[in-house]
Amino acid sequence: MTGIQDFLAYRSLSQLCLSPDKTQAVFVVQRPVLEGNTYEKELWACRLESGECRRLLADGELAGGFFWENEGTVFYVGGTRASDESSSAGGSEAARTVC
């Protein structure tokens, strides 16, 4: 790969947040998208002991911040595609069970 392909293959991690019991972490993975000149953001969770990671939210489902409610639940501000059953009446806040 060269030039723009290298850039488009790059992934950045940010907003690392440890669970209250320090056994899991949630973080944002961001990647550039040439079409639209934008970035996609996904929310991921990782079990620290095993290193097992999984995607919690796809691009468009995360519009803002997130925080741990307890060891197994993360609250987040949903985006345009947020359709979690536990969303509030406004549809902008939701929770995702991590473990």
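Please refer to the structure placed before this passage.
How each quantity is defined
- Residues numbered from 1 in each chain as written.
- Predicted model: local features only at pLDDT ≥ 70, side-chain atom pairs only at ≥ 80, totals over all residues.
- Heavy atoms only, no water.
- Phe/Tyr/Trp six-rings, centres within 6.5 Å; stacked < 30°, edge-to-face > 60°.
- Buried < 20%, exposed > 50% of the residue type's maximum accessible area, 1.4 Å probe, protein only.
- Helix = DSSP H or I, 4+ residues; strand = E, 2+ residues; numbered from the N terminus.
- Polar contact = N/O pair within 3.5 Å; in protein donor to acceptor, adjacent residues only side chain to side chain.
- Salt bridge = Lys/Arg side-chain N within 4 Å of Asp/Glu carboxyl O.
- Core = buried A, V, L, I, M, F, W, Y, C linked by side-chain atoms within 4.5 Å.
- Pairing = 2+ DSSP bridges.
- Axes fitted to C-alpha atoms, helices over the stretch in contact; angles between N-to-C directions.

A. Seen up close, the packing of aromatic side chains. Applying the stated criterion to the full structure yields 1 aromatic pair. Between Phe67 and Phe75, the ring centres sit 5.6 Å apart and the planes meet at 20 degrees, which makes this aromatic pair stacked. For Phe67, a relative accessible area of 48% gives the class partly exposed.

B. Representation of the environment of Glu61. Positionally, Glu61 belongs in the loop between strand E4 (53-57) and strand E5 (62-70). Through-space distance from the C-alpha of Glu61 to that of Val77 is 8.3 Å; in sequence the pair is 16 residues apart. At a separation of 2.6 Å, a polar atom in the side chain of Glu61 contacts the main-chain amide nitrogen of Ala58.

C. Layout of unusual backbone geometry. Its identity is not glycine, yet Gln15 carries a phi of approximately 55 degrees, on the positive side. Take Gln15: it is sitting in strand E1 (residues 12-18). Even without being a glycine, Asn37 presents a positive backbone phi close to 50 degrees. When you line up the elements, Asn37 lands in the loop between strand E2 (24-33) and strand E3 (38-47). Taking relative accessible area as the criterion, Asn37 reaches 74% and is therefore assigned exposed.

D. Seen up close, the pattern of salt bridges. Scanning the entire structure with this criterion turns up 2 salt bridges. We note a salt bridge from Glu40 to Arg31, for which the minimum N-O separation is 3.1 Å. For Glu42, the salt bridge identified is with Arg55, shortest N-O distance 3.2 Å. In this pair, Glu42 sits in strand E3 while Arg55 sits in strand E4, placing the two residues 13 residues apart along the sequence. According to the relative accessible area criterion, Glu42 is buried, its value standing at 17%. The class for Arg55 is partly exposed, based on a relative accessible area of 44%.

E. Inspection of the nonpolar core at higher detail. Counting residues in hydrophobic clusters, the biggest one holds 12 residues: Val26, Val28, Leu43, Ala45, Leu56, Leu57, Leu62, Phe66, Trp68, Val74, Tyr76 and Val98. Broken down by secondary-structure element, the contributors of at least two residues to this core are E2, E3, E4, E5 and strand E6 (73-78). In terms of residues, this core owes the most to one element, E5, which gives 3 residues.

F. Seen up close, the sheet that holds E3. The 4 strands lie next to each other as E1-E2-E3-E4, forming an open sheet whose pairing is antiparallel. If you trace the sheet from one side to the other, it starts and ends with E1 and E4, each paired once. Between one strand axis and the next, the sheet turns by 30 degrees as a mean value, whatever way the strands run. Pairing analysis gives 5 bridges linking E1 to E2, with the strands arranged antiparallel. Across the sheet, residue Leu13 finds its bridge partner in E2, namely Val29.

All we've got here are geometric facts, nothing functional implied.
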